[in-house]
Amino acid sequence: MDDDRFRLLVHGVLDYGIFLLDTEGRISTWNAGAERIKGYAAAEIVGRHFSVFYPADDVAAGKPARALERAVREGRLEDEGWRVRKDGTRFWANVVITALYDEQGRLRGFGKVTRDVSERRAAELALRESEERFRLLVQSVQDYGIFMLDPGGHISSWNAGAERIKGYTAAEIIGRHFSVFYPADDVAAGKPARELEIAVAEGRLEDEGWRVRKDGTRFWANVVITALYDEQGRLHGFGKVTRDMTERRNAEQALRERRRLVGHLVEAQEVERRRIAWDVHDESIQSMVAVGMRLQLLASRLPEPHKSAVGGLDEAVAAAIARLRGLVSRLRPPELDRHGLVEAVSAYTDDVAGRWGLAHEVRDELTAEPSPEAAITVYRICQEALSNVHKHARATRVGVTLSTVDNGTLVRITDDGVGTAGTDAGAGHFGLVEMHERAEAAHGWLAVRSTPGEGTVVEFWLPLLPDVTEPEPEP
Ligand SMILES: Nc1ncnc2c1ncn2[C@@H]1O[C@H](COP(=O)(O)OP(=O)(O)OP(=O)(O)O)[C@@H](O)[C@H]1O
Ligand SMILES: [Mg+2]
């Protein structure tokens with residue numbers, strides 16, 4: 001390339017300020033990039049000393065002169081620092097000064113290439129700051145153990161959460177192999193190494209299982225291991241996040257156990273009630289019906305006044321039979337089997353609310369029929385809620401609404417009574433407790449809302465299909 005074209009190129013470059021200084025440091029050429037970066041036109045700046053680009057304190061400290069001395073001594077000098085534009089504003093500059101010699105080896109001046117790297121610097125600072133903040137965040141997180149492993153599985157960083165959960169301080173644990181967290185049998189089975197292999201193969205691995213604290217106690221951990229790669233794609237190590245799930249697991253287990261027990265109780269109660277209902281129906285009622293028939297036969301053969309006396313006995317027996325039939329149907333409502341849930345609840349509500357002098361309404365908005373087990377639960381809770389309305393509410397009306405919501409059966413029993421005094425009735429009151437337990441045993445929920453003077457709403461929901469909870473491995 002000839003000199004002219006080369007000069008044109010340098011002259012037109014916009015991204016770099018490229019210019020020459022004479023041996024004293026005075027500017028002798030200028031280009032478009034220098035004008036763009038520093039704000040001076042060629043006519044304004046050529047002939048002036050290059051120290052005008054430096055902040056006053058750098059000039060006072062002799063920095064421009066020192067830069068030229070070093071360029072002479074070392075041939076070239078690269079520097080990053082603040083420079084000043086014509087309008088007085090600063091920018092972060094990357095500067096390369098090269099000493100220029102002629103063929104006789106005499107110093108002819110300096111070439112200077114300046115770049116405005118303010119944006120890059122701002123981005124770097126922001127990145128560094130956010131990295132620092134992120135590091136502080138990770139370090140202080142208490143709920144999660146967050147730490148790093150080197151490619152061989154040795155711990156290389158530690159945080160407050162890891163210390164809290166596992167009991168080791170950073171000084172004790174850094175450098176040790178992460179298999180110390182695993183129970184001996186898992187280590188013997190090669191589990192730690194396998195987990196790293198899976199993390200490498202699949203990028204990440206999640207596991208739940210027992211881990212061991214420094215003091216030897218176990219905890220139920222949720223662990224996520226992520227393989228970390230550097231920019232060249234080489235395995236840099238692993239990030240590991242550990243949570244202590246012991247409490248949640250215990251709570252879940254306790255809940256499961258409670259549901260199981262309550263479920264057994266509720267079932268045993270139903271079986272017992274059905275048995276009693278059958279006994280009463282098959283034995284007591286049948287034999288009383290027989291007694292009634294004999295009394296009628298006897299009455300037909302007797303003269304008065306004995307005839308009326310025996311007739312009166314027969315009526316008493318008939319009334320007792322009717323009461324027993326009522327008892328049987330409360331113990332084991334026949335409509336549930338024959339006509340379905342809504343019929344049974346309606347019949348029961350008509351019966352009792354009628355007797356108690358309450359206006360009543362049963363609304364059927366079901367779009368799916370609950371399972372037989374759920375139907376019994378609904379029926380029983382309605383029975384208890386209605387009996388509470390009768391006993392406590394001093395209401396004039398009661399409403400029962402059954403609907404299908406969220407894949408389950410939602411039932412609402414409302415009254416316009418005085419409202420409940422408080423939720424805890426104390427010793428000797430089991431109705432509400434039993435309602436809650438029945439709903440829970442069916443994997444649903446029950447809530448009582450009450451406004452003093454306006455009434456009470458008992459609302460409960462049971463799933464159509466009870467969720468299947470898997471059994472968990474034992475320690
Ligand atoms: N619909 C209601 N209106 C007003 N108060 C109510 C209503 N339902 C319940 N209560 C109040 O809540 C308390 C607890 O009810 P719960 O059914 O647990 O016990 P109980 O009916 O008193 O006794 P039990 O049901 O064991 O025979 C009642 O004593 C009553 O004070
Ligand atoms: Mg009650």
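Residues numbered from 1 in each chain as written. Chains lettered and ligands numbered in written order. Predicted model: local features only at pLDDT ≥ 70, side-chain atom pairs only at ≥ 80, totals over all residues. Heavy atoms only, no water.

Taking an unreviewed UniProt entry as the reference, the protein is identified by name as histidine kinase belonging to Amycolatopsis rifamycinica. UniProt, in the comment section headed Catalytic activity (unreviewed entry), describes the protein in these words: "ATP + protein L-histidine = ADP + protein N-phospho-L-histidine." (UniProt positions renumbered as here; feature names shortened; annotations may be inferred.)

(A) Layout of the domain arrangement of the protein. The domain architecture assigned to the protein consists of domain 1 (3-122), domain 2 (141-244), domain 3 (253-332) and domain 4 (337-475). In this structure, domain 1 and domain 4 have C-alpha centres spaced 87 Å apart. (Domains from an automatic or database assignment.)

(B) Representation of the UniProt feature "domain: PAC" (unreviewed entry) in the protein within the structure. As recorded in UniProt, the sites labelled "domain: PAC" (unreviewed entry) are residues 77-129 and 205-257. Secondary structure across residues 77-129 comprises 23% helix and 57% strand; the distance between its end C-alpha atoms is 29 Å. Counting secondary structure, residues 205-257 comes out at 23% helix and 57% strand; the distance between its end C-alpha atoms is 30 Å. (Helix = DSSP H or I, 4+ residues; strand = E, 2+ residues; numbered from the N terminus.)

(C) Here's a closer look at the confidence of the model for the protein. Taken as a whole, the protein shows an average pLDDT of 90; of its residues, 96% reach a score of 70 or greater. Within the model, the stretch residues 468-475 combines pLDDT values under 50 with 12 contacts to residues more than four positions away or in other chains. (pLDDT = per-residue confidence, 0-100. Contact = heavy atoms within 4.5 Å.)

(D) Up close: the site of ligand 1. Taken together, 16 residues sit near ligand 1, with Asn388, His392, His429, Phe430 and Leu432 positioned nearest. In this structure, Asn388 approaches ligand 1 through a side-chain N or O atom, which is 2.8 Å from an oxygen atom. Gly431 has a polar backbone atom sitting 3.2 Å from an oxygen atom of ligand 1. For ligand 1, the accessible surface in isolation is 600 Å², of which the surrounding protein chains cover 84%. Among the elements of the structure, helix 15 (372-393) and helix 16 (431-441) are those that each provide at least two residues to the shell around ligand 1. With 6 residues, helix 15 is the largest single contributor of residues to the shell around ligand 1. Here the shell around ligand 1 is composed, by residue class, of 5 nonpolar, 8 polar and 3 charged. (Near = heavy atom within 4 Å. Polar contact = N/O pair within 3.5 Å; in protein donor to acceptor, adjacent residues only side chain to side chain. Areas by Shrake-Rupley, 256 points an atom, 1.4 Å probe, with all protein chains shown as cover. Nonpolar A, V, L, I, M, F, W, Y, C, P; charged D, E, K, R; others polar.)

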